[in-house]
4 protein chains.
Amino acid sequence: MGSLLGRYFSIMTFGESHGAGLGVVIDGLPAGLAISQEDLQRDLDRRKPGQSEFTTARRESDQVEILSGLTSQGLTNGAPLALLVRNQEARGADYAKTAQVFRPGHADWTYFKKYGLKPQAGGGRASGRETVGRVAAGAVARQLLKALGITVRSGTMAVGPIWVEKIDWAFSETNALKFLDQNSYPQASQAVLEAKDQGDSLGSVVTVSALGLPVGWGDPVFDKLEALLGQAFFSIGAVKAVEFGDGLALSRMRGSQANDPMGPQGPLRNRHGGILGGLSSGTELLARLYLKPTPSIALDQETINLEGQPSIISITGRHDPCLAPRLGPVAEAMCLITLADCYLRGPAQLEQIWPPK
Amino acid sequence: MGSLLGRYFSIMTFGESHGAGLGVVIDGLPAGLAISQEDLQRDLDRRKPGQSEFTTARRESDQVEILSGLTSQGLTNGAPLALLVRNQEARGADYAKTAQVFRPGHADWTYFKKYGLKPQAGGGRASGRETVGRVAAGAVARQLLKALGITVRSGTMAVGPIWVEKIDWAFSETNALKFLDQNSYPQASQAVLEAKDQGDSLGSVVTVSALGLPVGWGDPVFDKLEALLGQAFFSIGAVKAVEFGDGLALSRMRGSQANDPMGPQGPLRNRHGGILGGLSSGTELLARLYLKPTPSIALDQETINLEGQPSIISITGRHDPCLAPRLGPVAEAMCLITLADCYLRGPAQLEQIWPPK
Amino acid sequence: MGSLLGRYFSIMTFGESHGAGLGVVIDGLPAGLAISQEDLQRDLDRRKPGQSEFTTARRESDQVEILSGLTSQGLTNGAPLALLVRNQEARGADYAKTAQVFRPGHADWTYFKKYGLKPQAGGGRASGRETVGRVAAGAVARQLLKALGITVRSGTMAVGPIWVEKIDWAFSETNALKFLDQNSYPQASQAVLEAKDQGDSLGSVVTVSALGLPVGWGDPVFDKLEALLGQAFFSIGAVKAVEFGDGLALSRMRGSQANDPMGPQGPLRNRHGGILGGLSSGTELLARLYLKPTPSIALDQETINLEGQPSIISITGRHDPCLAPRLGPVAEAMCLITLADCYLRGPAQLEQIWPPK
Amino acid sequence: MGSLLGRYFSIMTFGESHGAGLGVVIDGLPAGLAISQEDLQRDLDRRKPGQSEFTTARRESDQVEILSGLTSQGLTNGAPLALLVRNQEARGADYAKTAQVFRPGHADWTYFKKYGLKPQAGGGRASGRETVGRVAAGAVARQLLKALGITVRSGTMAVGPIWVEKIDWAFSETNALKFLDQNSYPQASQAVLEAKDQGDSLGSVVTVSALGLPVGWGDPVFDKLEALLGQAFFSIGAVKAVEFGDGLALSRMRGSQANDPMGPQGPLRNRHGGILGGLSSGTELLARLYLKPTPSIALDQETINLEGQPSIISITGRHDPCLAPRLGPVAEAMCLITLADCYLRGPAQLEQIWPPK
């Protein structure tokens, strides 16, 4: 359960870290959208492991295969698009030790209680590799939204205590940490490497931004844009807080400070993060995702084994010391998938609805 | 759209601030659950307006009527439970002025663009009164979960810059602000009244806690417990950030600090907030909701009128100066509804599934 | 469970035969549709009991109240429309006897086993009165589709062994049996009254027709138009077979007889009943619903009591001797609801999708 | 759209007749169910083409690959099960001619209007090969239900005008037509071969039966067991009528004939087809599916070409002369999928619900 998302742009993902492969089926795409393997590969390559000293050394080519849903001209045919990425390097040996004990901060204990499963090689469905299907679906959503002039991007806002001073989107594309500020980058980079060298890991913050949204996407009540994105972002493992606009700061302000004044084109300021009354306001959509540190660390940790007896664990497999650089593309994907779903809900006024009268 | 929530404990809410009434239909309830009008009224009374100087002076008796779903013995019969609360004091005059301009920080502008509706009396579906249906459904969920020993509570964690120093659940029930700490209560209370006296409002933070959860509720991937609660909490108007456990602080920590060690009964500490791998861990579920200040303030604000021309607005209707005390019960309701939905998903292991073999 | 239908035009119905009332909440309506109490009452009056010798003598005014979802101008506001019909004549005494035994052909036995409920007064949720919410929702769908030039009608095709010889839609509106043929009407009428006089009941067949559908409504695979309508029609109690076009006859034909030839405007014949490849073909949509006789009869029947011991039952309450005249409007409603859902799915080609590029 | 089915046993199918492959992802399976490639292959082999003179000569090995969802012990792990069958013999040339004209009785015309697609090689998503994903999912459902003692079977009830005289399940497994009666088999077989020899095709009727169902599966109102099965069966291409029990005959009877008397163990007769009040009654579930003849025939047919001009078509590809033998396994699959969904809805009485109190 739980691998289905979206009412209009509906996706069902599948796959485990060390099984045959991972992927997604997307139902609800209109016919006539050009989708190429290259379009999808671009996004998949951005979340691929083994790309820098900041990420796990596991190597996966993550080549995506389009199994269905396209015409011979490479256009969607209105039928489900099925995408498959096969696993290559499934180094089960690394995980042999962890299989006897529950890793703190992981899904091992709760999955054991819920499913009766012993800790699985690489985390099974709870592994970060599960996000491959999401990124593939997000790449399709990106194509759908591109023609509307909507773009979604992400970057690292903080690693541990080191925060970006001034957001520089261009810079984030030049460093493997995806850090959004050149000034504080050296400290950020050093903080991550220090943690890594000490067998430890570091928390982080990712910013997601969407530009070009029309006014009025999202729905009232339970499907507010924050609510749909809230589910989408919190569905990413390691995300423990989500904030829209100046959300945290707003809770400390007065209304006279917090309300963004309105001008003829819409809000004149963006403390609200691009969502008003649960609907997009036409300004930049801004969200921050607060990530806990990678729970897999080499330092000794107190835990229990399968028999329930106290045990010490040190996790020596290949792991990202800091999750922000790899989860940024996943956060973008979840934003894209959510926006695609909002788009396909269609207009809300009778006179705008197809067929024209 | 957007008024439907839950796959197993499915609710559809309805109603506007100044229409005939508000309510909810709940489908998915098992037969045999005792539900009385009093059970529901208790929770509705907790969110009722007009109860103190901290809340709007609007007076509504908010009496709930059970339209269907019960046997003559007052037990659920397995059919939908329909609940109706009629509006009484619909003082449209207060809203006459605002109907010509878009209130900053409100849904007026986005609803106008999406639905073609002029700003509605009292906010229409975007009003806080919309939450009546949620609280009624939450009260039903509370009855369902009570027999399992699960309790959900909420309190005010902060108003503006004044934070609770030490959480005291008993104290929160003694003050109209639902503030969770007696020591800092005087400052908190003063801060709200000052803002109110100056025609302004104040941001705030609500804490929600659930006790007694078994291990393993929630589902992997998109239906992680944080994800379901994330949608539920962000669907409450004014919520602009949500945090589970020590979410914000975790993003600044190292893994060795953040991971909660495991003992034979489960996690020995609760920085994770009761959810591991997206599933309940058996420890206290803890979430914080960061609320923006009430956008309706008496101070002058820059905005535009229906013709798109610059205008100044001062909102003099009846409004809560601080949303935490009234949204606490709503946050509880959304938590209860989500947990009821998780409960009714049933077990995940073949051998635990009905019918027994 | 089971009281929710539709993905885009989503309805949740509620209510029992002898509770406070029945109704429906509709989510997904676009803003700007004119809906009046009169529009809804017209359809509700058509299914109302107590209108002729062919239907139960129970009298209900079935006045519908619109609880939410309209602007002060009587246009939908994009929020859920909640509709309520209160029960008036709940004559529990008639049902006292049946409460101790399971009525053959009724839901009594299966509801008892599933819900642990003793046979309920008037059938509870399994009563024909449950259809009030459907008809109310159908009336709303009718308004939505009217502007597109789509009309839906129904009539009685057969009662017992008496079949219509030639369909005459105008005639069906002139007789309480809604019989579609003047020639065979006397026999039909007599057959029903004979059965009634003998304390018995009669099976029947209802035809539903939709005119004005564009080409391409419905979706491939599981949401074929026949599949959506199949669920909708079979969800009406007493429907035991459903046929589209010349469905039964087609199974006896050869392909060369069954295939309808194509002309420049579409199919030149309509053996297929207006659906090809699961999508509307632009020709008249034609379905037949085969209804079992009313299971409540005055004649002695063999059954068991609540203790499981053999018993004889004779049911003397107020019951329709033949279900077709009252279920016709319900069948129309289910057709309208399904078509509204198809309409709101929107276009399937990228270039037709909102917003225009 | 439309490739998603089931709320608890949720499946999303994908694939076209001449693309890379076909398959299904199943979400909602409990952990601990043994699933082997052989279990699935057995059912897939039963629907495989090229097995007799009664079916198309197209040859496909239809080997299924399990991409995800199993532990190393071959048990479900609670995550989605993804199944893939690659296409092998995609003989596009056969279809070259038909691509310029709309085949009568096919989805060509409606798909062209809806999706803007020219008639696709082999029918694309509208091809009978689309059912591969269904049969794979049905095989999984069969494993789930087997442990409960539930079995589902199907057979050919009629071909053209030749009906079974007496149902003989054992005999149907011995002939390629899956005909259910040895006496009338020679005529049935001859009728199909005659039609085939003349370049024509023949309509047919399939019976589906489920044994071992407990009382109370299905839900009231819109999710009646007939309604869920109605959608499932009508979603199979070529099905133009569906009947439960003696559905057609019941519409001609009186109540005193139609009602099945009740005994201490439940209904003493089965005219109702195993469903009462929308719930399973514990007796044999019996449904009949009425299939139109294969629309692809070699005889000349009147149609139009892509430019809308009158044209004559003769379809000479490989096609089944009669659909019953190949759609029987598909009908079983749809029944199994629906029953699995009902099973996973769980109990409806509070005291039976997990966790036990």
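1. What about the packing of helix α1 (residues 37-47) of chain D against helix α3 (residues 131-146) of chain D?
Residues and elements named next belong to chain D.
Then, number 1: Closest axis-to-axis distance for the α1/α3 pair is 8 Å, and the angle between their directions is 135°. It follows from the interaxial angle that α1 and α3 lie oblique. For the pair α1 and α3, the sense of crossing is right-handed. Each of Asp39, Leu40, Asp43, Leu44, Arg46 and Arg47 in α1 lies in contact with α3, whose residues at this interface are Thr131, Val132, Val135, Ala136, Gly138, Ala139, Val140, Arg142 and Gln143.
Then, number 2: Taken together, the residues of the contact of α1 with α3 break down into seven nonpolar, three polar and five charged.

2. Some thoughts on the interface of chain B and chain A
Then, number 1: Between chain B and chain A, the contact holds 104 residues from the first and 104 residues from the second.
Then, number 2: Between chain B and chain A lies a buried interface of about 8,200 Å² when both sides are counted; carbon and sulfur atoms form 59% of it.
Then, number 3: Along the contact surface separating chain B from chain A lie seven salt bridges.
Then, number 4: Between the two partners, chain B and chain A, sit 45 residue pairs in polar contact (both at pLDDT 80 or more).
Then, number 5: Of the residues forming the side of chain B that touches chain A, the biggest block, seven residues, is contributed by helix α2 (residues 108-115) of chain B.
Then, number 6: Looking at the side of chain B that touches chain A, its residues break down into 50 nonpolar, 35 polar and 19 charged.

3. Describing the pattern of salt bridges
All names here are of chain C.
Then, number 1: In this structure the tally under the stated criterion is 86 salt bridges over all chains.
Then, number 2: Ionic pairing is found between Arg345 and Asp341, a salt bridge with its closest N-O pair at 3.1 Å. The two residues Arg345 and Asp341 agree in class, both being buried.

4. Some thoughts on the relation of the copies chain B and chain A
Then, number 1: When chain B is fitted to chain A, the residual RMSD is 0.0 Å, and the transformation amounts to a turn of 180° plus an axial shift of 0.0 Å. Such a turn and shift between the copies fits a two-fold axis.
Then, number 2: Of the residues that chain B buries at the interface, 100% are likewise interface residues in chain A, meaning the two copies contact each other through the same surface.

5. What to know about helix α1 (residues 37-47) of chain B
Then, number 1: Taken together, the buried positions of α1 of chain B are Asp39, Leu40, Gln41, Asp43, Leu44 and Arg47 of chain B.
Then, number 2: Elements that come into contact with the buried residues of α1 of chain B comprise β4 (64-68), β5 (81-86), α3 (131-146) and α9 (324-344) of chain B.

6. Observations regarding the relation of the copies chain B and chain D
Then, number 1: When chain B is brought onto chain D, the operation consists of a screw motion whose angular component is 180° and whose axial shift is 0.0 Å, with 0.0 Å RMSD remaining.
Then, number 2: Take the interface residues of chain B: 100% of them recur as interface residues in chain D, which is what a same-surface contact looks like.

7. Description of the confidence of the model for chain A
Then, number 1: For chain A, per-residue confidence averages 93 on the pLDDT scale, and 95% of positions sit at 70 or higher.
Then, number 2: Two summary scores accompany this predicted model of the complex, namely pTM at 0.97 and ipTM at 0.96.

8. Some words on the side chain of Asn87 of chain C
Then, number 1: Here Asn87 of chain C lies in the loop between β5 (81-86) and α2 (108-115).
Then, number 2: A distance of 3.3 Å separates the side chain of Asn87 of chain C from the backbone oxygen of Ser17 of chain C, its partner in a polar contact.

9. Structural notes on the interface of chain B and chain D
Then, number 1: Every contact between the two is made by 23 residues of chain B and, on the other side, 23 residues of chain D.
Then, number 2: Buried area between chain B and chain D, both sides added, is near 2,000 Å², and the carbon and sulfur share of it is 68%.
Then, number 3: Counting the contacts that link chain B with chain D gives zero salt bridges.
Then, number 4: Viewed at the interface, chain D and chain B are joined by five residue pairs in polar contact (both at pLDDT 80 or more).
Then, number 5: The residue inventory of the side of chain B that touches chain D, partitioned by class, reads 16 nonpolar, five polar and two charged.

10. A short note on the sheet that holds strand β1 (residues 4-5) of chain B
By definition, the strands of a sheet pair up through backbone hydrogen bonds, in either a parallel or an antiparallel sense.
All names here are of chain B.
Then, number 1: The strand order across the open sheet formed by five strands is β1-β2-β3-β5-β4, and the pairing between neighbours is antiparallel. At either end of the open sheet lies a strand with only one pairing partner, and these are β1 and β4.
Then, number 2: Relative to β5, strand β3 (residues 21-27) is paired through six bridges, and the arrangement is antiparallel. When the sheet's bridge partners are listed, Ile26 is paired in β5 with Leu81.
Then, number 3: In the packing of α3 onto the sheet, the strands contacted are β2 (10-15), β3 and β5, and the crossing angle to β3 comes to about 35°.

So, how was this worked out
- Residue numbers here run from 1 along each chain, matching the order of that chain's written sequence.
- To label them, take the chains in the order written and letter them from A, then take the ligands in the order written and number them from 1.
- Predicted model: local features are reported for residues with pLDDT of at least 70 only, side-chain atom pairs are reported and counted for 80 or more only, and whole-chain, interface and lining totals are derived from all residues.
- Note that the side-chain values use all heavy atoms of the structure and ignore hydrogens as well as water.
- Only the contacting stretch of a helix is used when fitting its axis, a line to C-alpha atoms as for every element, and angles between N-to-C directions run 0 to 180 degrees.
- Each helix is a run of DSSP H or I of at least 4 residues and each strand a run of E of at least 2, with the numbering of both proceeding from the N terminus.
- The scheme is simple: roughly parallel for angles under 35 degrees, roughly antiparallel for over 145, roughly perpendicular for 65 to 115, oblique for anything else.
- Handedness of each helix crossing follows the sense of rotation of the near helix against the far helix: counterclockwise by less than a right angle gives left-handed, clockwise gives right-handed.
- Contact definition: two residues touch when any of their heavy atoms are within 4.5 Å.
- Ten residues, namely Ala, Val, Leu, Ile, Met, Phe, Trp, Tyr, Cys and Pro, are considered nonpolar, four, namely Asp, Glu, Lys and Arg, are considered charged, and the remaining ones, Gly among them, are considered polar.
- Buried area: the accessible area, evaluated with a 1.4 Å probe, that two parts lose upon being put together, summed over both parts.
- What counts as a salt bridge is simple: a side-chain nitrogen of Lys or Arg found within 4 Å of a carboxyl oxygen of Asp or Glu.
- Counted as a polar contact is a pair of N or O atoms within 3.5 Å, where, for protein atoms, one must be capable of donating a hydrogen and the other of accepting one, and residues adjacent in sequence contribute only when both atoms are in side chains.
- Exposed residues in this analysis have more than 50% of their type's maximum accessible area, buried residues have under 20%, and partly exposed residues fall in between, with area computed by a 1.4 Å probe over protein chains only.
- Here the copies are matched by least squares. The fit uses the C-alpha atoms of residues with pLDDT of at least 70 in both.
- Scored from 0 to 100, pLDDT reflects the predictor's confidence in each residue.
- At least two bridges found by DSSP between two strands is the condition for calling them paired.

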